[in-house]
Amino acid sequence: MTREMLDDLLVDVPRQVVPDIDAAWRSGTRRRRRAYGVGTGVVLALALVVGVGVMTFDPKRSVQPADGPDGYPRKVSRPIVLTRMPERPGPMAGVLQLFGIGDWTVFDARGRSWLVPGISQLDDDQPMLSDDGRMLGYLRTVSEDRSEFVLWDLVSGEQTVVPEVGDGRLLDEAHLTDQPYSVDGQSPGLWSPDDQWLATVGGPRDAKGEWGPLLMGVDGRVQHLPVRGWLVGWLAADRLAVVRANGELIAVDPDGTIVDRVELEVPAGREIFGQWSGRVSADGSRVAIVSEKGAQQEISTFDTATGGLLYTYPWSNGFANSCLLGWQGDEVLAWNYEGSLVEISSGERVVTTYAFPGDLGCAVVAAEALAGPVQEGPGILEWRYWDVIWWWRWILGAVVVLLVGGCVWFVRRTRRRLDHAT
Amino acid sequence: MDPPGAALLCVDRGVEDFEQWAHARSAALARSAYLLTGDLHLAEDLLQETLTRVAQHWRRVRRQGAPDAYARRVMHHLAIDSWRRRRSRPAEVLGADTPEISHVDADADRRVVLRDALARLTPRQRAVLSLRFYEDLTEAETAAVLGCSVSTVKSTAREALARLRAVAPDHLAAFATGEGS
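Worth saying up front: this structure is predicted, and the values here are computed from it rather than measured. (Residues numbered from 1 in each chain as written. Chains lettered and ligands numbered in written order. Predicted model: local features only at pLDDT ≥ 70, side-chain atom pairs only at ≥ 80, totals over all residues.)

**Q** Outline the overall build of chain B, listing residues and values.
**A** Within chain B, the regular secondary structure consists of nine helices and zero strands. When the helices and strands of chain B are read in sequence order from the N terminus, they spell out α-α-α-α-α-α-α-α-α. Among the 181 residues that make up chain B, the fraction classed as buried is 38%. Considering only contacts within chain B whose residues lie at least 6 apart along the sequence, 64% involve residues at least 24 apart. (Helix = DSSP H or I, 4+ residues; strand = E, 2+ residues; numbered from the N terminus. Buried ≥ 20, exposed ≤ 12 C-beta atoms within 10 Å, placed from the backbone. Contact = placed C-beta atoms within 7 Å.)

See the structure below:
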């Protein structure tokens, strides 16, 4: 009876409630396509977020730093995503300039790289790493027209800021600062063997003609030495080595007193040039200097005690004249155009290499790191460095496919369950 | 067995299948829509939206072989959802448009009373009455369609019948006893 009452009420409804079936189909199709599009977009966005999250994960940030570098890398990698250096990364193996992004990075014994934070974008403001890889000093940008030096202990995380020292290229009237000292950005700096002093080239900002070695102590002291010449390193913890254009090597103490001098036996017809490349060995017994004979460059090594010439090696395959030379034991190292650090006295044996030579500017490897064992790269578990593995794209592609497939499977399963439930 | 090239025409065949099904079922769905809304315009909107939802998922619905059940579920959920959305929308005046009664007879008064009484029910109560007394589903099947428990169906049906009985005890005595179930 009840059903009959309802039938009686509704008998005329279909005549007056008429659907547009064609419009319903078109609208439904549009919605289905839109839902697929949105779903695909969400899955891709999810895959992107997961991918970036995994790749930017940096295990170094949670690792307790060791006391010294554990060797040097067979290959210096560049991660897919470069992140800033953590506050206490531990000792680094070297610093490296990337022309591709116009910035400087540090790398550890396994070749993993991090950006040096706040460093000037000018490519000749290079950071300076101590021989034990523990101390890093560089000119840090504070604002558009102000920089200051920072000395960073990479093991303890302690930073000594030297506000009195600024950028030597900001000496025009538009960039006047109250900083009494400036550094010459083109000249590299060198740490004392005991990590107490960083020596670079600079001086009073209002007397550029007097510029010479400028020392910055980890206690914040600044000391300008009234000595002319090119800074090439430290003979001992209290002996700075300076080479002059006339072939003279002088030893200066931190007070600026010249305590020793020797004449280097520069081969006849050569002019030495040590402004950017000269380097004393880690034990202070030898010095390597770039000399020129016409258009031909040579790398000559001398005994620092006697000035005697040890050997001369012709060099035309790299940045010898513009980047710091290196030492591994008694052998001189230089970066070549192929992005490899080679030992020049042994037929250019490759010591380490950079994964992307086209991007390489200057690079410096710490002496203690070079004294240690060679280390392999980050390995497959460190996703950030997959661009040094030729098949990383295949792995990434497989991960994306799995993610998409997993999402599709999940959605279908959920729908099936809902269908069963109703 | 599908004729050669049927795979290439699968989309067109889907349209045809849908249209065939919709033409066959639209009358019954229209009645349910009116029963759920109590208004011709709202019933038309509800029916159109139901068909659109079915078309959106037509391939899956057809593969499962239960388009009627899916349409019924969608329609009743949409009707109840309109109640949930009522706070953010202007109030709908139910009962403004009613079906023209083509055959005036002695039962005309009873139809008017029944229509007005149904208009006083909530969408959920109307949905329960529609499924139980018009679609002839069991309490368990009704609960499955609405996504609620059997006890909720029972209590909702009891409240709906009580309200109908209160509005017109003489005309709707059959509802009061649940005779139609």
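**Q** An account of the sheet that holds strand 29 (residues 360-365) of chain A is requested, with residue identities and associated values reported.
**A** All names here are of chain A. Strand order in this open sheet of four strands is 5-4-3-29, and the pairing throughout is antiparallel. The sheet terminates laterally at strand 5 (113-115) and strand 29, the two strands that pair on one side only. Across the sheet, the mean angle from the axis of one strand to that of its neighbour is 25°, orientation sign disregarded. With three bridges connecting them, strand 4 (residues 103-107) and strand 5 associate as antiparallel partners. Paired with valine 106 across the two strands is tryptophan 114, which belongs to strand 5. (Pairing = 2+ DSSP bridges. Axes fitted to C-alpha atoms, helices over the stretch in contact; angles between N-to-C directions.)

**Q** Would you mind going over helix 5 (residues 108-119) of chain B in detail, with residue names and values included?
**A** All names here are of chain B. For helix 5, spanning twelve residues, the distance from its first C-alpha to its last is 17 Å, which sits close to the expected 16 Å at 1.5 Å a residue. Turning to helix 5, its buried residues are Arg111, Leu114, Ala117 and Leu118. All buried residues of helix 5 lie within an arc of 130° about the axis, which places them on one face of the element. Helix 5 presents Ala108 and Asp109 as exposed residues on the side facing more than 90 degrees away from its buried surface. (Expected span 1.5 Å × (residues − 1). Arc of directions from axis to C-beta.)

**Q** Residue-level account of the nonpolar core, with values.
**A** In this structure, A:Leu151, A:Ala241, A:Ala334, A:Ala363 and A:Val365 are the most contacted members of the largest nonpolar core, which totals 88 residues. Each residue touching A:Ala241, except ones within four places of it in the same chain, is listed here: A:Val232, A:Gly233, A:Trp234, A:Leu235, A:Leu249, A:Ala251, A:Val280, A:Val287 and A:Thr304. Counting residues in hydrophobic clusters, the runner-up holds 50 residues, among them A:Leu9, A:Leu10, B:Leu78 and B:Leu129. (Core = buried A, V, L, I, M, F, W, Y, C linked by C-beta atoms within 7 Å.)

**Q** I'd like a description of unusual backbone geometry, backed by residues and values.
**A** You will see that A:Asp195, though not glycine, has its phi angle at about 60°, which is positive. Within the secondary structure layout, A:Asp195 lies in the loop between strand 12 (190-191) and strand 13 (197-204). Judged by local crowding, A:Asp195 falls into the partly exposed class, with 16 C-beta atoms found within 10 Å. In the Ramachandran plot, B:Asp136 falls in the positive-phi region, its phi being about 60° despite a non-glycine side chain. Mapped onto the elements, B:Asp136 comes out in the loop between helix 6 (123-134) and helix 7 (139-146). The exposure class of B:Asp136 is exposed, given the 11 C-beta atoms found within 10 Å.

**Q** Give a detailed account of the sheet that holds strand 28 (residues 349-354) of chain A, specifying residues and quantitative values.
**A** Residue and element names in this part refer to chain A. An order of 2-28-27-26-25 is seen for the five strands of this open sheet, with the pairing classed as mixed. Every interior strand has two partners, whereas the edge strands, strand 2 (75-76) and strand 25 (326-328), have only one. In the sheet, strand 25 pairs with strand 26 (residues 331-335) via three bridges, with the strands oriented antiparallel. Its bridge partner lying in strand 26, glutamine 328 is registered against glutamate 331.

**Q** Tell me what's going on with the interface of chain B and chain A, and back it up with residues and numbers.
**A** In this complex, chain B contributes 41 residues to the contact, which on the side of chain A involves 25 residues. Counting residues per element, the side of chain B that touches chain A draws most heavily on helix 1 (residues 10-37) of chain B, which supplies twelve residues. The residue inventory of the side of chain B that touches chain A, partitioned by class, reads 23 nonpolar, eight polar and ten charged. (Nonpolar A, V, L, I, M, F, W, Y, C, P; charged D, E, K, R; others polar.)

**Q** How would you sum up helix 1 (residues 2-10) of chain A? Please name residues and give values.
**A** All names here are of chain A. Taken residue by residue, helix 1 has Thr2, Met5, Leu9 and Leu10 as its buried positions. All buried residues of helix 1 project into a common sector of 120° when viewed along the axis, lining one side. Exposed positions of helix 1 whose direction lies more than 90 degrees from the buried face are Glu4 and Asp7.

**Q** Now, about the pairing of strand 23 (residues 296-303) of chain A: what can you tell me, with residues and values included?
**A** Residues and elements named next belong to chain A. As defined by bridge partners, strand 22 (residues 286-293) adjoins strand 23 across eight bridges and the pair is classed as antiparallel. Counted as the bridge partner of alanine 288 is threonine 301 from strand 23. Linking strand 22 to strand 23, which pair antiparallel, is a turn of two residues; within it glycine 294 sits at a positive phi near 65°. Strand direction decides the pairing type here: strand 23 and strand 24 (residues 309-315), joined by six bridges, are antiparallel. Bridge pairing links phenylalanine 302 to leucine 309 in strand 24. In this antiparallel pair of consecutive strands, strand 23 and strand 24, the connection spans five residues, and glycine 307 shows a positive phi of 85°.

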